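# Close look at the chain arrangement
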Amino acid sequence: MAKPTPVASAEEAAALRRRLRRLVAAVAAGSADAEAFDEAADALAKLRDAELAPRKDRVAGAGGGANKGGTEAAAVPEQFLCPISSEIMRDPVVLASGQTYDRRFIQEWLTAGNRTCPQTQQVLSNTILIPNHLVRSMISQWYTDNGITLPPVENQEEDLVTNNERKTFSKIFERIASSSNLSEQREAIKDLRLLTKCNSSLRAAIGEKPDSISQMISTVSNPELENNAEVLEDMVTTILNLSIHESNKKIIGDDPLATPFLIRALQSGTMEARSNAAAAIFSLSALDSNKVKIGELGAMRPLVDLLEHGSMIAKKDAASAIFNLCMLHENKSRATKSGVIDVTLKAIADDSLVDESLAILALLSGDHETVEEIGETGGVASMLHVIKEDQCKRNKENAAAVLFAVCIYDRTKLREVAEDENLNGSLAWLVQDGTSRARRKAAGILEKMKRAVHHTHYSC
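In this report, the structure presented in the accompanying data block is examined. (Residues numbered from 1 in each chain as written. Predicted model: local features only at pLDDT ≥ 70, side-chain atom pairs only at ≥ 80, totals over all residues. Heavy atoms only, no water.)

The geometry of helix H22 (residues 379-389) relative to helix H23 (residues 393-409) is characterised by a closest axis approach of 9 Å and an angle of 150° between their N-to-C directions. The two elements H22 and H23 meet at a crossing, and its hand is left-handed. Across the interface between the two elements, Val380, Met383, Leu384, Val386, Ile387, Lys388 and Glu389 from H22 touch Asn395, Lys396, Ala399, Ala400, Val402, Leu403 and Val406 from H23. The residue inventory of the contact of H22 with H23, partitioned by class, reads ten nonpolar, one polar and three charged. (Axes fitted to C-alpha atoms, helices over the stretch in contact; angles between N-to-C directions. Helix = DSSP H or I, 4+ residues; strand = E, 2+ residues; numbered from the N terminus. Left-handed = near helix turned anticlockwise from the far one by under 90°. Contact = heavy atoms within 4.5 Å. Nonpolar A, V, L, I, M, F, W, Y, C, P; charged D, E, K, R; others polar.)

This part is about helix H24 (residues 413-424). Between its first and last C-alpha, H24 extends 17 Å over twelve residues, near the 16 Å set by a 1.5 Å rise per residue. Looking only at H24, the buried set comprises Lys413, Leu414, Val417, Ala418, Asp420 and Glu421. Buried residues of H24, viewed axially, fall in a sector of 165°; they line one side. Across from the buried face of H24, at angles greater than 90 degrees, the exposed residues are Arg415, Asn422 and Leu423. (Expected span 1.5 Å × (residues − 1). Buried < 20%, exposed > 50% of the residue type's maximum accessible area, 1.4 Å probe, protein only. Arc of directions from axis to C-beta.)

Here we come to the environment of Leu328. Here Leu328 is to be found in the loop between helix H17 (312-325) and helix H18 (329-337). The spacing of Leu328 and Val292 is 36 residues in sequence and 7.4 Å in space, taken between C-alpha atoms. Not counting residues within four places of it along the chain, the set of residues in contact with Leu328 comprises Lys291 and Val292.

Before going further, it helps to examine the sheet that holds strand S1 (residues 92-94). One open sheet accounts for three strands, arranged S2-S1-S3; its pairing is antiparallel. Single-partner strands in this sheet number two, and they are strand S2 (100-102) and strand S3 (130-131). Of the pairings in the sheet, the one linking S1 to S2 comprises three bridges and is antiparallel in character. Counterpart to Val94 in the pairing with S2 is Thr100. (Pairing = 2+ DSSP bridges.)

Once that is clear, we can look at helix H16 (residues 300-309). Because an α-helix completes one turn every 3.6 residues, residues spaced three or four positions apart along the sequence face the same direction. Those residues of H16 lying buried are Met300, Pro302, Leu303, Val304, Leu306 and Leu307. The inward-facing, buried residues of H16 contact helix H13 (258-268), helix H14 (271-284), H17, H18 and helix H19 (340-349).

The computed volume of the second largest pocket comes to approximately 960 Å³. Taken together, 42 residues line the second largest pocket, and the ones lying closest to its centre are Val94, Gly98, Gln99, Thr100 and Lys316. Secondary structure elements with two or more residues in the lining of the second largest pocket: helix H5 (133-145), helix H11 (229-243), H14, H17 and helix H20 (354-364). Considering each element in turn, the lining of the second largest pocket owes the most residues, six residues, to H14. Along the lines of polarity and charge, the residues of the lining of the second largest pocket split into 21 nonpolar, 15 polar and six charged. (1 Å grid on protein atoms, 1.4 Å probe; cavity = no way out; pocket = protein on both sides within 12 Å on 5 of 7 lines; lining within 4 Å. Points joined across faces, edges and corners; volume = space filled by probe spheres on them.)

Turning our eyes to something else, we now look at the pattern of salt bridges. A full pass over the atoms with the stated rule returns 19 salt bridges. Across the salt bridge formed by Glu272 and Arg193, the nearest N and O atoms sit 3.0 Å from each other. One end of the pair, Glu272, is in helix H14; the other, Arg193, is in helix H7 (residues 182-198), and 79 residues separate them in sequence. According to the relative accessible area criterion, Glu272 is partly exposed, its value standing at 38%. Across the salt bridge formed by Asp254 and Lys250, the nearest N and O atoms sit 2.9 Å from each other. Of this pair, Asp254 and Lys250 both sit in helix H12 (residues 246-254), separated by four residues, roughly a single helical turn. We classify Asp254 as partly exposed; its relative accessible area is 37%. (Salt bridge = Lys/Arg side-chain N within 4 Å of Asp/Glu carboxyl O.)

As structure tokens, this is what we get:
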């Protein structure tokens, strides 16, 4: 009987893909020898075996681990599943339609020539894929809560910058920075926006000329270009496109003009420019060093304003940027002072951006100043309503986390919670049927209520 071929691990499969891309690039460039063709065929065969091998279950296959106790598989929250593959997303990315997919599967959809969103059927204005760090962090927490190993994110980028791409970039940059013809400059800026949208290697070329960002922004600051809404939108979108390349995040973040330029666009640009500025800040804030600078330079207030008054796509971009920035402790206070509590509670009440708003509030609930404001502005009733009515377990979990923090900092709120619990029993239900984190938080609140009642009787 033939011995079965061992299934490659997630790390080995990722390595095979990187190896295959390098070999295919060499073949496409006409520089491959016979050995490279044989090596590519071998890598492709191994990758085929790895990808098509049967999986025992989706959770174990995605994480390479097992549940605590090793008995029953954890129920996966629906929002963690890729709409295309129905598997837990390893590398969630946002499409132009605002929908989130696993990078590998949506990239295959786009590579096949599709230019619509698989879920909404909306025609896409561009095919840029922006990492969704908010969803990624929520999935990471879920893996931790359930004792499952988080699978690695495959490195999707190859810094293969050709001489032709260097020449293309240099020519466009020269047209932007050196031309005395305003019409020519506007056209060059638009060309750069379009090229950086679809050419990942051209995005990598900026790393060879990091000072070009400041020079381009200085050119756009010309009064005759600065007041042109279309030029501002094109330049903001170019920075967004460039920021998608991982090595460019530090280059753009370190540039003295880039972040202030994005903040100006947040404040005074068209809705698309404001949305793309928020998306660029979201992308840049993947680096902790950028979180510090962006917060210090005053991005939080215009982001909160966009979260309240923007289009739906702009609101989602703003929410993602705010969440990322608030992973840094110093930015939590900035968000609170900028009015994010009122805005998120209103969004929840309006049944708009509920997932994102609850994720932000749960993240902020470790800050005393924030929790105090949540308690003073009707947050207790709002969280109780989510726990009672929302169908999403992750939303119930985040609401329970916020409610627990409020009860820790302000024990007078326990009476309001106790009255609701006596009527509805929502927390008791959550202890039985919530996520592991939700069960802990709900049990903690019930225990505090029990102690408060005991203390009252004892005092009497």
